[in-house]
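Structural characterization, general
This is what each chain is made of:
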Amino acid sequence: MEAFFRAQQPIDLHLHSNVSDGSDSPAEVVRAAHAAGVRTMALTDHDSTNGWDEARAECERLGMTFIGGMEMSTVSDTGGGIHLLAYLIDPDDAELIAAREAVIARRVPRLQEMTLRLSEDYEISWDDVLEQSSGTSIGRPHLASAMVKRGHIETVSDFFTLVTRDTKYYIPTPAISFREAIGLIRGAGGVPITAHPTGRTKPGHMMPREALLDVLNLGLAGFELGHRENAKNPEGLERIREYCEEFDLIVTGSSDYHGSRKENRPGEFTTTPEMLMRIIDEATGAEPTYA
Ligand code: AMP
Ligand code: FE
Ligand code: FE
Ligand code: ZN
């Protein structure tokens, strides 16, 4: 019960820094969260825990509770992309490090190739893209910012309208198997929660019961039901909400803050202390840092 009483509210468990595709440094992310009133936050950069120390120190300075996290790009057996949040993993777990480094290594040539394809039609270079990335994990938002800076588009969002999956510019994100990622996170003592579960699904798409039972068996802990992108498929979200009640799963709500690269603001969705307590109780890889 200790965690319940010590973690302060509001609780936002999904924020990105410039270690991946956010625009702010880890300390700046903490300050933005604090200014928005958030008092417990998780840093969840894509494929990296390199921002944890800086964010933790700033949380301690500002009297906030810090939760270490990470977001992984995974792919289901049926080929769908699923983002998986990993809470309180051991950041030094060898298997998890090997898996994420393999992904990061593939991210670079993928983005170089996308840049090259775009450069056939737009003035854009790999140096423009590198200039936008100061961290560990590079992705489309960096290329998007480079396109904005070159004046080809107005916002990062515009990039995702221009470079859709059916264009010649698009190359899929390097990802590992969803089932495998759940095992890796549990192996590192972490708690796996599916990020924005209906954010990328088609309206009306329903998660089949067999698929749910399979991933629960593997150790999936719950779903991020509170996330602005979930609104894209309200029926699918309702189905997952019912699953969460039926199987008593962990349910979170978070902002997915990316600084100036997304409109999402810290604290726009939050997680209850009861649910955070369950995450902390299940985790064996890392401890929260209380101020
Ligand atoms: P990548 O890692 O290259 O697959 O890029 C995925 C990242 O792009 C996500 O983590 C988001 O930060 C961002 N993203 C995806 N879709 C959109 C969108 N429609 N508008 C703005 N950012 C997006
Ligand atoms: Fe992102
Ligand atoms: Fe995501
Ligand atoms: Zn995210």
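Everything here concerns the structure above.
The paragraphs below set out a description of the structure included in this document. Fair warning: this is a prediction, and the values are worked out from it, not measured in the lab.

**Here we look at the coordination of the iron ion (ligand 3)**
The protein atoms that coordinate the iron ion (ligand 3) are Glu71 (OE), His83 (ND1) and His196 (NE2), at distances of 2.0 to 2.3 Å. Spacing between the donor residues of the iron ion (ligand 3) along their common chain follows E-x11-H-x112-H. Between the iron ion (ligand 3) and the iron ion (ligand 2), a spacing of 5.4 Å is present. Of the two residues, His83 sits in strand β4 (residues 81-87) while His196 sits in the loop between β6 (191-194) and α9 (209-218), which places them 113 residues apart along the sequence. Under the relative-accessibility criterion, His196 is labelled buried at 3%.

**What about the site of ligand 1?**
In the vicinity of ligand 1, the residues found are Asp21, His46, Arg107, Arg110, Gly139, Arg140, Pro141, Ser157, Phe160, Thr173, His258 and Lys262. With respect to ligand 1, the side chain of Arg107 contributes an N or O atom lying 2.9 Å from an oxygen atom. Within the complex, 85% of the 500 Å² of free accessible area of ligand 1 lies under protein. Listing elements by their share of the shell around ligand 1, those giving two or more residues are α4 (94-119), α6 (140-149) and α7 (156-162).

**Quick look at unusual backbone geometry**
In this structure, the amide linkage connecting Gln9 to the following residue, Pro10, adopts the cis form with an omega of -5°. In this structure, Pro10 sits in the loop between α1 (2-6) and β1 (11-15). One non-glycine residue, Leu88, lies in positive phi territory at about 55°. Positionally, Leu88 belongs in the loop between β4 and α4. Of the residues examined, Leu88 reaches a relative accessible area of 0% and is grouped as buried. Look at His196: it is not a glycine, yet its phi comes out positive at around 25°.

**Re the pairing of strand β2 (residues 40-43)**
By the alternation rule, side chains of β2 split into Thr40 and Ala42 and Met41 and Leu43, which are all buried. Across three bridges, β1 lies against β2 in parallel orientation. The residue bridging Leu15 from the neighbouring strand is Leu43, located in β2. Direction of pairing for β2 relative to strand β3 (residues 65-75): parallel, over a ladder of four bridges. In the sheet register, Met41 faces β3, and the bridge partner there is Phe66.

**A short note on the side chain of Ser20**
Residue placement: Ser20 occurs in the loop between β1 and α2 (26-35). When its relative accessible area of 1% is taken as the criterion, Ser20 is described as buried.

**Comments concerning the coordination of the iron ion (ligand 2)**
Summarising the metal site, the iron ion (ligand 2) is bound by the protein donors Asp21 (OD), His46 (NE2) and His258 (NE2), whose distances to it range over 2.1 to 2.2 Å. Written as a sequence motif, the donor arrangement for the iron ion (ligand 2) is D-x24-H-x211-H. When its relative accessible area of 4% is taken as the criterion, His258 is described as buried.

**Observations regarding the pairing of strand β7 (residues 222-226)**
With respect to burial, β7 is a largely interior element, five of its five residues being buried. Pairing of β6 with β7, which is carried by two bridges, proceeds in the parallel orientation. Paired with Ile193 across the bridge in β7 is Gly222. With respect to chirality, the unit in which β6 leads through α9 into the neighbouring parallel β7 is right-handed. Pairing analysis gives four bridges linking β7 to strand β8 (residues 250-253), with the strands arranged parallel. When the bridges of β8 are listed, Phe223 appears paired with Val251. On the question of chirality, the crossover connecting β7 to the parallel β8 by way of helix α10 (residues 234-246) is right-handed.

The rules behind each value
- Residues numbered from 1 in each chain as written.
- Chains lettered and ligands numbered in written order.
- Predicted model: local features only at pLDDT ≥ 70, side-chain atom pairs only at ≥ 80, totals over all residues.
- Heavy atoms only, no water.
- Donors = N, O, S within 2.8 Å, 3.2 Å for Na, K, Ca; no water.
- Helix = DSSP H or I, 4+ residues; strand = E, 2+ residues; numbered from the N terminus.
- Buried < 20%, exposed > 50% of the residue type's maximum accessible area, 1.4 Å probe, protein only.
- Near = heavy atom within 4 Å.
- Polar contact = N/O pair within 3.5 Å; in protein donor to acceptor, adjacent residues only side chain to side chain.
- Areas by Shrake-Rupley, 256 points an atom, 1.4 Å probe, with all protein chains shown as cover.
- Pairing = 2+ DSSP bridges.
- Right-handed = clockwise from strand over helix to strand, strands pointing away.

The values are spatial; any link to function lies outside them.
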